Amino acid sequence: LHAIARAGRGTPDAGDSRSIELERADGRRIALSATSTPFDGPALGSGMVVVLRDPSLRARPSPPPDVASPAPPLQAILDASHARIFHLGRDLRLIWCNRALREHHRLRGDCTGATLETLFEPQKRSALMRPLQRALQGGSEVLEWRAFDARGVPCWTSTMITPDVDENGQIVGCIVLSIDVTARHHADAIRRRSEDQRRGVMESLPDLVWVTAADGSPEWFNHRWADYTGRSVADWRDPVHADDRPRVDASWSLALARGHALAMEARLVRHDGTSRWHLVRMQPLRESVTEPGIWGWCGSCTDIDDQKRAATLQRTTQQRISTFLGTLSHELRNPLAALSAAIQVMRHPHATSGMNARALDTLDRQSTLLARLVDELLDATRLMDGHIDLQRRRVALNEVLREVCEDLSARAGEAGVHLHCEIPERTLFVDADLLRIKQAVENLVVNAIEACAAGERVTVGVVEGHPGEAGIRVADTGCGLTPESLASLFDPGSAPRREKTPGLGLGLKTVNRILQLHGGRVVAASDGPGKGATFDLFFPVFDAAATAGTRDADPGDSTALAGRRVLIVSSHGA
């Protein structure tokens, strides 16, 4: 039988007839001729039809063609089938048919000898003629077509046509088998619609999504994956960052071995070379929750880079706030402790006049320091919130440099620091608030003096910036700044080691905010610890045309307030 089947596959256009010997139930052996014919089709699948004929029946008279029909048991079997089966002779006339065909075509009585015109309308008859002629030449064919039933509902039929070969290998007709495959078409349509819906959902997701086979080999990627990676990949792990690849490989191998879901964080390299953190998840796909077998995996990558950066920034901000609150508590506690001690001395019953005088000096000194700390905190808060009004006017940088150097020369002399002021001959005017610009420059000069040891130098001068800018440079040869300090120099709550004077460490933050409110910028640079630092303040140059119609405040325009009482309301708490 295997030889017959192989011969049939090797000659798909003609049946192959061979001899085969079978043993009957009574022990008698009979020789039969075997003919094999292959078939293949979406409705029936692939297979082989093998017909066994008894040569001893050749001598028996054959029934006439108009009454030939299968034996009663076989006819009963064929009538019980839902498939429409009929046998055509070489003249393409009906020899016999089963009940399903008679009912479908509403045939009455003896239909032997009916022609194709009786059974099929012209369109179907034309479609059947070519495969029928091919079957009469020894070929087999499967075709499918769509029609409409009596209600106008579309239906599909799959038809297989094979030659009928006698024991001598002669083709005496053809056998036609038709099956209604409407249910299969509907199931295929539902499956395709479900597949389209699934892919539509995966394509609409903001994540990178893919599907793999059971062994992890990729089968499908959504378009966001291609947009992110910019290339086709043979494995979903190809874009994983090299530093994260060993960890991802180990977790993926463990998930494959145990068949459980996977969730981990890893960096994926984008098409432009940028790496971003993603939450990688892999879910096993099973036929049902009760089936242990896995037929595939569904994976997704969710971009969490912004969340991780926000979390890092939040932790850094919390640390800076904690540091600032600690500095604030420390700076406020010292003067408060001195005030409390001075009060206790003055209340002591045996306090002398000298002790009371020293206590009053302590009260005066510490209350001044406490007021300065509170003013610094309130001023910084108002600047950060933008709750100040700048009194912008034409300001000469030369005068600002001269006044700042004169005011701080005594302080630099006490510290043994050389304060050098380089005032240019040409007067430079900027559009700024005079008090705020002096506050910014004074903060930088004080920081520079405190960063220098005795004998070191602080230089204040003018520097050129971008077109439309004029700047002031404050440079020192002091302790310098580390790269880490430069990176967070102007962040609130991160006080660098340069600010060694008593205070809240808000000087540089205040300077930066003043420049921002003026539309300017501050640039800090240092070659490292022990190599000094440079701070450049850039302000917009005064534009006379832009300020036409306005005038500077005239100090002579004042109102005499002699004999009047003035109420001053502080809005610091707003």
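Residues numbered from 1 in each chain as written. Predicted model: local features only at pLDDT ≥ 70, side-chain atom pairs only at ≥ 80, totals over all residues. Heavy atoms only, no water.

### A look at the overall build of the protein chain
From N to C terminus, the protein chain includes 14 helices and 20 strands. Counting all 574 residues of the protein chain, 37% fall into the buried class. Expressed as a percentage of contacts within the protein chain between residues at least 6 apart in sequence, the contacts between residues at least 24 apart total 54%. Summing over all exposed atoms, the protein chain offers an accessible surface of approximately 33,300 Å²; the carbon and sulfur share of this is 53%. (Helix = DSSP H or I, 4+ residues; strand = E, 2+ residues; numbered from the N terminus. Buried < 20%, exposed > 50% of the residue type's maximum accessible area, 1.4 Å probe, protein only. Contact = heavy atoms within 4.5 Å. Areas by Shrake-Rupley, 256 points an atom, 1.4 Å probe, with all protein chains shown as cover.)

### Some remarks on unusual backbone geometry
Even without glycine at this site, Leu92 takes up a positive phi of about 60 degrees. Assignment of secondary structure puts Leu92 in the loop between strand 4 (84-89) and strand 5 (94-97). Overall, the relative accessible area of 10% leaves Leu92 in the buried class.

### Comments concerning the side chain of His278
With respect to the helices and strands, the residue His278 is situated in strand 12 (residues 275-285). Judged by its relative accessible area of 2%, His278 is buried. From its side chain, His278 meets the backbone oxygen of Arg276 in a polar contact 3.0 Å long. Excluding residues that lie within four positions of it along the chain, His278 makes contacts with Leu208, Tyr228, Met264, Glu265, Ala266, Leu268, Cys301, Thr302, Asp303 and Ile304. (Polar contact = N/O pair within 3.5 Å; in protein donor to acceptor, adjacent residues only side chain to side chain.)

### Observations regarding the state of the cysteines
In the structure shown here, the tally under the stated rule is zero disulfides. No disulfide involves Cys479; its sulfur sits 7.7 Å from the nearest other cysteine sulfur, which is in Cys452. (Disulfide = S-S within 2.5 Å.)

### A closer look at the confidence of the model for the protein chain
Low pLDDT marks stretches whose predicted atomic positions should not be read closely. Predicted confidence across the protein chain gives a mean pLDDT of 79, with 81% of residues reaching 70 or more. For residues 11-15, every residue scores under 50 in pLDDT, and the model assigns this stretch 12 contacts once sequence neighbours within four places are set aside. This model gives residues 497-504 a pLDDT under 50, and the stretch forms 33 contacts once residues within four places in sequence are excluded. (pLDDT = per-residue confidence, 0-100.)

### A few points about the sheet that holds strand 10 (residues 218-221)
Strand order in this open sheet of five strands is 10-9-13-12-11, and the pairing throughout is antiparallel. Every other strand in the sheet has two partners, leaving strand 10 and strand 11 (262-269) as the edge strands with one partner each. Pairwise comparison of adjacent strand axes, ignoring direction, gives a mean angle of 25 degrees for this sheet. Looking at chain direction, strand 9 (residues 208-213) and strand 13 (residues 296-303) are connected through six bridges and run antiparallel. Bridging from a neighbouring strand, Ala213 pairs with Gly296 of strand 13. This element, helix 8 (residues 245-258), spans strand 11, strand 12 and strand 13 of the sheet and lies at about 145 degrees to strand 11. (Pairing = 2+ DSSP bridges. Axes fitted to C-alpha atoms, helices over the stretch in contact; angles between N-to-C directions.)

### Observations regarding the pairing of strand 20 (residues 533-540)
In terms of burial, strand 20 is largely enclosed, as six of its eight residues are buried. With eight bridges joining them, strand 18 (residues 469-476) and strand 20 adopt antiparallel strand pairing. Residue pairing for strand 20: Asp476 is matched across the bridge by Ala533. Note: strand 19 (residues 521-525) against strand 20, five bridges, orientation antiparallel. The residue bridging Ala525 from the neighbouring strand is Thr534, located in strand 20.

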